[in-house]
Protein chains: 10
Amino acid sequence: MLSKKDVTELVYERKRQAGLSWASIADGIGMSEVFVTSACLGMNALPRDKADLLATQLGLPQEAGVVLAEYPTKTWNRDVPTDPCVYRFHEIVGVYGDTLKELIQEKCGNGIMSAIDFDMRVERVASPKGDRIEVSMSGKYLAYNAW
Amino acid sequence: MLSKKDVTELVYERKRQAGLSWASIADGIGMSEVFVTSACLGMNALPRDKADLLATQLGLPQEAGVVLAEYPTKTWNRDVPTDPCVYRFHEIVGVYGDTLKELIQEKCGNGIMSAIDFDMRVERVASPKGDRIEVSMSGKYLAYNAW
Amino acid sequence: MLSKKDVTELVYERKRQAGLSWASIADGIGMSEVFVTSACLGMNALPRDKADLLATQLGLPQEAGVVLAEYPTKTWNRDVPTDPCVYRFHEIVGVYGDTLKELIQEKCGNGIMSAIDFDMRVERVASPKGDRIEVSMSGKYLAYNAW
Amino acid sequence: MLSKKDVTELVYERKRQAGLSWASIADGIGMSEVFVTSACLGMNALPRDKADLLATQLGLPQEAGVVLAEYPTKTWNRDVPTDPCVYRFHEIVGVYGDTLKELIQEKCGNGIMSAIDFDMRVERVASPKGDRIEVSMSGKYLAYNAW
Amino acid sequence: MLSKKDVTELVYERKRQAGLSWASIADGIGMSEVFVTSACLGMNALPRDKADLLATQLGLPQEAGVVLAEYPTKTWNRDVPTDPCVYRFHEIVGVYGDTLKELIQEKCGNGIMSAIDFDMRVERVASPKGDRIEVSMSGKYLAYNAW
Amino acid sequence: MLSKKDVTELVYERKRQAGLSWASIADGIGMSEVFVTSACLGMNALPRDKADLLATQLGLPQEAGVVLAEYPTKTWNRDVPTDPCVYRFHEIVGVYGDTLKELIQEKCGNGIMSAIDFDMRVERVASPKGDRIEVSMSGKYLAYNAW
Amino acid sequence: MLSKKDVTELVYERKRQAGLSWASIADGIGMSEVFVTSACLGMNALPRDKADLLATQLGLPQEAGVVLAEYPTKTWNRDVPTDPCVYRFHEIVGVYGDTLKELIQEKCGNGIMSAIDFDMRVERVASPKGDRIEVSMSGKYLAYNAW
Amino acid sequence: MLSKKDVTELVYERKRQAGLSWASIADGIGMSEVFVTSACLGMNALPRDKADLLATQLGLPQEAGVVLAEYPTKTWNRDVPTDPCVYRFHEIVGVYGDTLKELIQEKCGNGIMSAIDFDMRVERVASPKGDRIEVSMSGKYLAYNAW
Amino acid sequence: MLSKKDVTELVYERKRQAGLSWASIADGIGMSEVFVTSACLGMNALPRDKADLLATQLGLPQEAGVVLAEYPTKTWNRDVPTDPCVYRFHEIVGVYGDTLKELIQEKCGNGIMSAIDFDMRVERVASPKGDRIEVSMSGKYLAYNAW
Amino acid sequence: MLSKKDVTELVYERKRQAGLSWASIADGIGMSEVFVTSACLGMNALPRDKADLLATQLGLPQEAGVVLAEYPTKTWNRDVPTDPCVYRFHEIVGVYGDTLKELIQEKCGNGIMSAIDFDMRVERVASPKGDRIEVSMSGKYLAYNAW
């Protein structure tokens, strides 16, 4: 029985052998880079038809499509990530967490930005002083219930 | 000697009494909401003239301007934030951290998005299915050195 | 400037002096026991008119109404609670967490039960073998986005 | 010698192959969904006859029945769960833990809700604003001894 | 408003000044040493009449009786106690925890020893090879529910 | 080379196959239930002759006797145990730790109860309100040295 | 009511003002440096007469003698000490802990070195390659009980 | 390629089979018990000729000599050791850490005892009240630099 | 599919067999010791041509070159390193961290030293009082953005 | 009695009022910037004459000189620093820790770089691509003892 982790390894292997990018894999099934990458890393579930299409395009066994469509148990190892590229985002949450809360609640009221009804984009933006990365998150505003 | 924390309390007090928003405070000194809020919360340093202007506009003691312009020691209490509005961003880093790394490095090479040469915006976006929060981060791409 | 914590202490003091129950305090402002208690403990914000009414009924200073209506920063001290009455709920999440996930996702799809659009009731139920506590939680189902 | 963990994997495998739901597995042995799911996940012990029946119905080896009836050592990996669906319950305990204690003790006296003499139900409830999940817990009230 | 902690300090002060033992304080109100000591340390609630009697006998302010009868929030600072006298009990739980579980469940079935419907005694027992401490715990057996 | 852990698994296997209780295994070598169980779980060393006898009676390989008599390195995984049956003892140490210290030192002087020169019994005691578990610990009093 | 911590501060103050060494303080009451220092730091209890003598010699209030003779609750803040002088001992326990166990048990049998019936000396020893510190610990061997 | 851990297992195996003591192994290569034991446990590097001699005397493969002479990466699993024999030393560092610092610095100045230019002895000392363990540590005094 | 970890093991094996130093391996590909060593340990990515050259020179399989050029996920196990040689650097950060911040910001303004656009050298320097290690770090100054 | 922390606050206050730099304070007493700054932050002890000179030059009370010359207990709050400027050094230790160990031991033998017989410099170095920070550490090589 293939696990999510097994499928992630298979994707990495095929991606390296075929010299594919995440962008091309995502394009191949008509979904966004962020979502498809996270699904291949075992952190999201692809719709079943997209999962099957991805498995076919990468030449994975059919069972891989089933697995990619399963609902994942999202898990990570450490509260403070060590890899510098990931740590910087942890740092941003530490430095700007209370600011985000102040502004979300000033603009919308007592509530939060959903991390479930959520999407994200990552882009490279050319700039004369050195290119920049732009990360755009969008989540539905959810108001606290009072009862 | 006023501390960063003392000034944060003074700002909150004046803000509540005068019924001000972070948006209006930021506008008053011609800087962005995110940056000004984070500086008022002690997580960034305002340029000295902006700091003095903010102190004047809020009717804070002159020393507050000095303090708002000092370089902060950024500190937070827990690796896993408890407030739900902040936790959701921690969760996003946990769920999408490796995805961010994959895509940043696919688009730019072996490196990271800077959290120092960095800016961020928070906006409310109307939507028929319920308004959304949009958080846009932009950081300079920094390539790892090889020597 | 009164803090949430100061108001909690004032409520406890008045409650003890006047021999009030949480039930009667909640009834006095026409809201539920769970919500009113949590707001008095600083974990939720009362609607402004309810907050003022509560302050009046308990004989608290007017500022207490302002504070009770402010959006709280929800915080707790330890991941594993020590008090036995609270720990048992931590244990339930540990023992039944994966079961809850399996059943929520079997019944609704890939998503979660919201802890924001959420309400809860606590009741005592008589039983010949010894009375029971019934805790009923209700949260909106939120489906993961795919994009 | 099969372990609890081995049996959990066997159940998952059979469940996927046969396209079964937890609801149907529980119905098949005449017990509740929550209890049967938790037992299949290794967190509770089925009565021996139910365990054998479940093993037979799923086509598991006979030893699986023995294992499902054994008393488990309940264990989990992290105090703060990472999966969003489980984390929300952790958050509820953090936000409402002291409220639960206040109300249980107001209604019953100095004591706790048992997590041992305990049962739970999970249901989906249709609602015009979006379906809701209802989780109902019932535990025996236990009074602290004084001696 | 006196807190549990204030009353603990008052008891220690009176106990030292009057040269009292926990044994005599407990005898004075006709309850056990363990229970009365734990209540004075803020970890249990005395019945109201006993609390008032204890306050009178130690010459504490009347409010102390109210506080001693309040339901405590039981809390401790570290999972691993540092004081050697307390640590040894932590060690015993580490070394013998699984043994206790094996024997309790062999003798009674799938369940636990209650720490709520519970009492404990501590005694010194003379012995030629050196006196011994005997700690006797008694808790109601609670069987897991199956539903 | 058999490890302590290997022998524990062998004992469990034989115990299940032969339907043995810890009580009967302990009786078989004329030692107490608690001690023999803890030795089989790798937390104590049996005297060599008892270890050989136990190996013979359970039909274990001869090397198992050697291993059961070796001095163990006592180790456990988490400071806060998760299994409810074990956790309750952790809770008792948290709630009553300081009380135990007060009473041991009141009865004996400045010192501790040894966890090395130590024994323990577990018994089921019938009671009209529900059977009880009694755990009796006895450890030598050790006085702190002053020099 | 003076606490152990208050007395420690008083001792430090007097020691600095009078230019005293721990050696001379210990000599003044005829006990060892290590023991007297640890008692002044709140980690051991002086015999009552020695405590009174020390208080008199340092010119402390009479109550300080009472406090120095009280049985301390030994507590420290972090499992890994940060001060380099203390950390090196933590490191020694990490590096040589298992070695100590092997040799103690090879020389004496299944047991431990007591940290209660224990004494320690610290000395400076001249050496041509640079002076050395010698720390000598002596603790009673305690054998594990088998029952 | 043999690892340090593999060699430790080989040593234990040979030691058990041949009924050797650490004392005799150390004598066999003319070095101290503590050092040789710690090297066999992977916490120190033997000089190459001693390593080869030890390998020959125990009948280990030649590669074991290479490995025993390699510089180890010293690592341990938990900051608070669980085994009682090792824990007591952790406790001694907790209780006497500040005392050691006071006395080392009183005798030598601002500095530390080295844990690198360091040696240690463990001995059993007969005593009418019960034999004692003596642990003697000697480390070079290192003065802090000021520049 | 070879992992970074597999390649590290292969390098160690070849290095030991051929008696190579890190210095000679680095020289062989014309890069610095620190960078090449860190890349071989899986903490940096070699430029592809250098990676292939290194693989050839050490006689590693061709795939090793691909792996050495892949962007690593940098990870470590514990926040407080245990090996004494590594711990000393952790201690330096603890003792001098705030000093580094004061001086970097005094010399350059509100910003940090980059750990990405970064290089480091390690050298042995002869000295009459005993040789010294010199570690020289150089990182680009990055100024915080204000917007 | 002034504490190290009090003196740090006094230095900051005088430094701000007089507009002094750490460089000028260090120059004023003829010692290095890093050492003087760390001593003012409570992490090192100034020689007594330097301490008095510093106190005089900054116009601090005479007692401040005594305190600056006292041997500090070095302490920090978190193993993982949060301030970005300090965290980068923590990250460097994480990423390059094993590399440092490999190279130190290749160049010198089995030992470490001392953090006690240690000095450090921080400099700004102009560079056309952006100025750089250079941090140079020098510590005595200490060889492990074998005995």
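Note on numbering: residues in each chain are counted from 1, in written sequence order. Lettering of chains starts at A and numbering of ligands starts at 1, both following the order in which they are written. Only residues with pLDDT of at least 70 get local features here, since the model is predicted, and only at 80 or more are side-chain atom pairs given and counted; chain-wide, interface and lining totals rely on the full set of residues. Just so you know, side-chain values use all the structure's heavy atoms and leave hydrogens and water out.

1. With respect to the domain arrangement of chain A
The parts lose accessible area when they come together, and the size of an interface is often stated as this lost area. Each domain's extent was defined by an automatic or database domain assignment. If you check the domain split of chain A, you get domain 1 (4–69) and domain 2 (84–143). Between the C-alpha centres of domain 1 of chain A and domain 2 of chain A there is a distance of 26 Å.

2. What about the UniProt feature "active site" (unreviewed entry) in chain A?
In the numbering used here, UniProt assigns the feature "active site" (unreviewed entry) to R88, E91 and S114 of chain A. Positionally, R88 of chain A belongs in helix α6 (residues 84–108). A simple rule labels every residue: compare its accessible area, found with a 1.4 Å probe on the protein chains alone, to the largest value its type can have, and call it buried under 20%, exposed over 50%, or partly exposed in between. Exposure remark for R88 of chain A: the relative accessible area of 2% places this residue in the buried category. Contact definition: two residues touch when any of their heavy atoms are within 4.5 Å. Excluding residues that lie within four positions of it along the chain, R88 of chain A makes contacts with I112, M113 and A115 of chain B, I116 of chain I together with Y87, R88 and E91 of chain J. UniProt positions are given in the numbering used here, feature names are shortened, and annotations may be inferred rather than shown by experiment. Helix and strand definitions here come from DSSP, where helices need a minimum of 4 consecutive H or I residues and strands a minimum of 2 consecutive E residues; each element is numbered from the N-terminal end.

3. Re the interface of chain H and chain F
Every contact between the two is made by 10 residues of chain H and, on the other side, 16 residues of chain F. Buried area: the sum, over both parts, of the accessible surface (1.4 Å probe) that disappears when the two are put together. Sorting the residues of chain H by area buried against chain F places R16, R78 and T82 of chain H first, and these three jointly supply 55% of that buried surface. The rule for a salt bridge is simple: a side-chain nitrogen of Lys or Arg has to be within 4 Å of a carboxyl oxygen of Asp or Glu. Remark: the boundary between chain H and chain F carries three salt bridges. Taking the shortest distance from any N to any O, the salt bridge between R78 of chain H and D79 of chain F comes out at 2.4 Å. The set of elements that each furnish at least two residues to the side of chain H that touches chain F consists of α1 (4–18) and α6 (84–108) of chain H. With four residues, α1 of chain H is the single largest residue contributor to the side of chain H that touches chain F.

4. Some details on the relation of the copies chain B and chain A
With an axial shift of 0.0 Å and an RMSD of 0.0 Å, the rotation relating chain B to chain A amounts to 180°. In short, the pair behaves as if placed about a two-fold rotation axis. Distance from the rotation axis, computed per C-alpha, reaches its smallest value in chain B at S136 of chain B: 2.2 Å. A share of 100% of the interface residues of chain B reappears at the interface of chain A, consistent with the copies meeting face to face through the same patch. What sets the superposition is a least-squares fit of C-alpha atoms, and only residues with pLDDT of at least 70 in both copies go into it.

5. Quick notes on the packing of aromatic side chains
Any pair of Phe, Tyr and Trp rings, taking the six-membered ring for Trp, is counted once the centres come within 6.5 Å. Such a pair is stacked with planes under 30 degrees apart, edge-to-face with planes over 60 apart, and tilted for the rest. By the definition in use, this model includes 55 aromatic pairs over all chains. Relative to W147 of chain I, the ring of F35 of chain B lies with its centre 5.0 Å away and its plane at 55°, an arrangement referred to as tilted. Of the two residues, F35 of chain B is situated in helix α3 (residues 33–40) and W147 of chain I in the segment after β2 (132–143); the pairing between them involves two chains. When its relative accessible area of 1% is taken as the criterion, F35 of chain B is described as buried. Residue W147 of chain I is classed as buried on the basis of its relative accessible area, which comes to 18%. Within the aromatic cluster, the residues linked to one another by ring pairs are F35 and F118 of chain A, Y96 of chain B together with W147 of chain C. Counting as a charge over the ring demands two things of the Lys NZ or Arg CZ atom: a distance within 6 Å of the ring centre and an angle within 35 degrees of the ring normal. It is K74 of chain E that lies over the ring of Y144 of chain D; its NZ or CZ is 3.5 Å from the centre.

6. Brief notes about the interface of chain B and chain A
Taken together, the contact between chain B and chain A spans 68 residues of the former and 68 residues of the latter. Taken over both partners, the interface formed by chain B and chain A buries close to 6,600 Å², and the fraction arising from carbon and sulfur atoms is 66%. In terms of surface lost to chain A, no three residues of chain B exceed K107, R132 and I133 of chain B, which account for 10% of the buried area on that side. There are eight salt bridges connecting chain B and chain A.

7. Some words on the relation of the copies chain H and chain F
Overlaying chain H on chain F yields an RMSD of 0.0 Å, the required transformation being a rotation through 72° with an accompanying axial translation of 0.0 Å. Each copy turns onto its partner about a five-fold axis. The overlap is low: 10% of the interface residues of chain H also sit at the interface in chain F, so different surfaces are used on the two sides.

8. What to know about the UniProt feature "domain: Cyanate lyase C-terminal" (unreviewed entry) in chain A
What UniProt calls "domain: Cyanate lyase C-terminal" (unreviewed entry) maps, in this numbering, to residues 75–147 of chain A. Helix makes up 34% of residues 75–147 of chain A and strand 37%. Its end C-alpha atoms lie 33 Å apart.

9. Brief notes about the side chain of D83 of chain I
Structurally, D83 of chain I can be placed in the loop between α5 (62–69) and α6 (84–108). Given a relative accessible area of 4%, D83 of chain I falls into the buried group.

10. Observations regarding the pairing of strand β1 (residues 111–125) of chain E
Residue and element names in this part refer to chain E. Strand pairing is assigned whenever DSSP identifies at least 2 bridges connecting the two strands. Sheet topology note: the β1/strand β2 (residues 132–143) ladder contains 11 bridges and is antiparallel. Bridge assignment links I112 to a residue of β2, and that residue is L142. Adjacent in sequence and paired antiparallel, β1 and β2 are bridged by six residues, among which G130 carries a positive phi angle near 120°.

11. Here's the deal with the packing of helix α4 (residues 48–58) of chain G against helix α5 (residues 62–69) of chain G
Residue and element names in this part refer to chain G. Two numbers describe how α4 lies on α5: the axes approach to 8 Å, and their chain directions differ by 140°. Regarding α4 and α5, the two cross each other, and that crossing is right-handed. Residues R48, A51, D52, L54 and A55 of α4 lie in contact with α5, whose contacting residues are A64, G65, V66, L68 and A69. Broken down by class, the residue content of the contact of α4 with α5 amounts to seven nonpolar, one polar and two charged. Here an axis means a line fitted to C-alpha atoms, over the contact stretch when the element is a helix, while the angle between two N-to-C directions is reported on a 0 to 180 degree scale. What makes a crossing left-handed is the near helix being turned counterclockwise from the far one by less than a right angle; a clockwise turn instead makes it right-handed. In this classification, Asp, Glu, Lys and Arg are treated as charged, Ala, Val, Leu, Ile, Met, Phe, Trp, Tyr, Cys and Pro as nonpolar, and every other residue, Gly included, as polar.

12. Remarks on the pattern of salt bridges
When their charged atoms lie close together, side chains carrying opposite charge are able to pair. All names here are of chain E. Counting across every chain of the model gives 110 salt bridges over all chains. A salt bridge links D52 to R48; its shortest N-O distance comes to 3.2 Å. Taken together, the positions of D52 and R48, both in helix α4 (residues 48–58) and four residues apart, correspond to about one turn of that helix. Of the residues examined, D52 reaches a relative accessible area of 28% and is grouped as partly exposed.

13. Observations regarding the arrangement of the chains
The closest approach of any C-alpha atom in chain A to one in chain H is 16 Å; the two make no contact. With no contact between them, chain D and chain H keep their nearest C-alpha atoms 16 Å apart.

14. As for the confidence of the model for chain A
Across the chain, each position has a pLDDT score giving the predictor's confidence in that residue, from 0 to 100. For chain A, mean pLDDT is 97; residues scoring 70 or higher make up 100% of the total. Interface confidence for the predicted complex, given as ipTM, is 0.97, next to a pTM of 0.96.

15. Observations concerning the environment of G139 of chain G
Residues and elements named next belong to chain G. Inspection of the secondary structure assignment puts G139 in strand β2 (residues 132–143). By relative accessible area, G139 is classed as buried at 0%. For the pair G139 and I116, spaced 23 residues apart in sequence, the C-alpha separation works out to 7.5 Å.

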